[in-house]
Amino acid sequence: MPVGSFDFMVSENLFYIRQSLVSESSVFALYPTNSRFNHSCAPNTNASDNVDDTKEMFATNDIDSGEESHPLLTIYMTRSERNESLQSRRFTCECRVCHLEAPLQELSDLRRRLIRG
């Protein structure tokens, strides 16, 4: 599927909903508003899935006026894992967390591995 095609854009913005009730396939949905959020490896929002297949976004910490909302996408992944996952979607992360200096990046990666368990 060519980058820039309609099918590509839709596939890159789908959200997992649940397992299908009638088959072994997964159910995905396109939420146009949620798809507009920018990515960050230091998220300040998360989403909850509701029983009616809607999503609600909520802040996970204080968000200053004018600050962007960044949803939780890759909190448990180390920098190399995040970069590999994002590159498969033709995306290069430029957030502050991905550009930490070596000692701080190692500490960040260690914390993420500990959180993940």
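Before any of the text, the structure's been laid out above.
The rules behind each value
Along each chain, residues carry numbers from 1 onward, in the same order as the chain's sequence is written. At least 70 in pLDDT is required for a residue's local features to be given in this predicted model, at least 80 for side-chain atom pairs to be given and counted, and no such filter applies to totals for whole chains, interfaces and linings, which use all residues. As a rule here, side-chain values cover all heavy atoms of the structure and leave hydrogens and water aside. Labels follow the DSSP assignment, with helices taken as runs of H or I lasting at least four residues and strands as runs of E lasting at least two, numbered in each case from the N terminus. The cut-offs for exposure are 20% and 50% of the maximum accessible area for each residue type, with area from a 1.4 Å probe on protein chains only; residues under the lower value are buried, those over the upper are exposed, and the others partly exposed. Here, residues are in contact when the closest pair of their heavy atoms is within 4.5 Å. Residues qualify for a patch when their relative accessible area is over 30% and they have no salt bridge, like charges being joined within 9 Å and the nonpolar side chains of Val, Leu, Ile, Met, Phe, Trp and Tyr within 5 Å. Every accessible area reported is derived by Shrake-Rupley at a probe size of 1.4 Å, with residue values counting cover from the shown protein chains alone. Salt bridge criterion: a side-chain nitrogen from Lys or Arg within 4 Å of a carboxyl oxygen from Asp or Glu. Working rule for helices: expected span equals 1.5 Å times residues minus one. Throughout, disulfides are identified as pairs of cysteine sulfur atoms within 2.5 Å of each other.

Participant: What is the right way to look at the overall build of the protein in this model?
Facilitator: Within the protein, the secondary structure is distributed over 3 helices and 4 strands. Along the protein, helices and strands appear, N-terminal first, in the series α-β-β-β-β-α-α. Evaluated residue by residue, the protein yields a buried proportion of 24% over its 117 residues. Across the protein, the fraction of contacts at a sequence separation of at least 24, relative to all contacts at a separation of at least 6, is 44%.

Participant: I tried to follow a nonpolar patch on the surface on my own but got confused; where do I start?
Facilitator: A cluster of nonpolar residues, Leu104, Leu107, Leu110 and Leu114, forms a patch on the protein surface that exposes about 390 Å² of accessible area. Examined against the element boundaries, Leu110 turns out to sit in helix 3 (residues 102–116).

Participant: Can you walk me through helix 3 in this structure?
Facilitator: A turn of α-helix holds 3.6 residues, and therefore any two residues three or four places apart point the same way. Taking 1.5 Å of rise per residue, the 15 residues of helix 3 would be expected to cover 21 Å, and the 21 Å separating its terminal C-alpha atoms lies within 8% of that figure. In this structure, the buried side of helix 3 is in contact with helix 2 (79–87). Phi turns positive, to about 90°, at Gly117, one or two residues after helix 3.

Participant: What am I meant to see in the pattern of salt bridges here?
Facilitator: Throughout the structure, instances matching the rule amount to 1 salt bridge. In this structure, Arg116 and Glu81 form a salt bridge, with 2.7 Å as the shortest nitrogen-oxygen distance. Remark: Glu81 occurs in helix 2 and Arg116 occurs in helix 3; sequence separation between them is 35 residues. For Arg116, a relative accessible area of 39% puts it in the partly exposed group.

Participant: Help me out: how do you make sense of the state of the cysteines in this one?
Facilitator: Any covalent bond linking the sulfur atoms of two cysteines counts as a disulfide. For the coordinates displayed, the defined rule picks out 0 disulfides. Cys41 takes part in no disulfide bond, and the closest cysteine sulfur to it belongs to Cys98, at a distance of 3.6 Å. Among the residues examined, Cys41 registers a relative accessible area of 1% and is labelled buried. Looking at the unpaired Cys93, the closest cysteine sulfur is the one in Cys95, lying at 3.5 Å.

Participant: In this structure, what is going on with the side chain of Ser108? I would like to understand it.
Facilitator: Inspection of the secondary structure puts Ser108 in helix 3. Taking the relative accessible area as the measure of exposure, Ser108 reaches 5% and is therefore buried. Those residues in contact with Ser108 that sit more than four places away from it in its chain are Val97 and Leu100.

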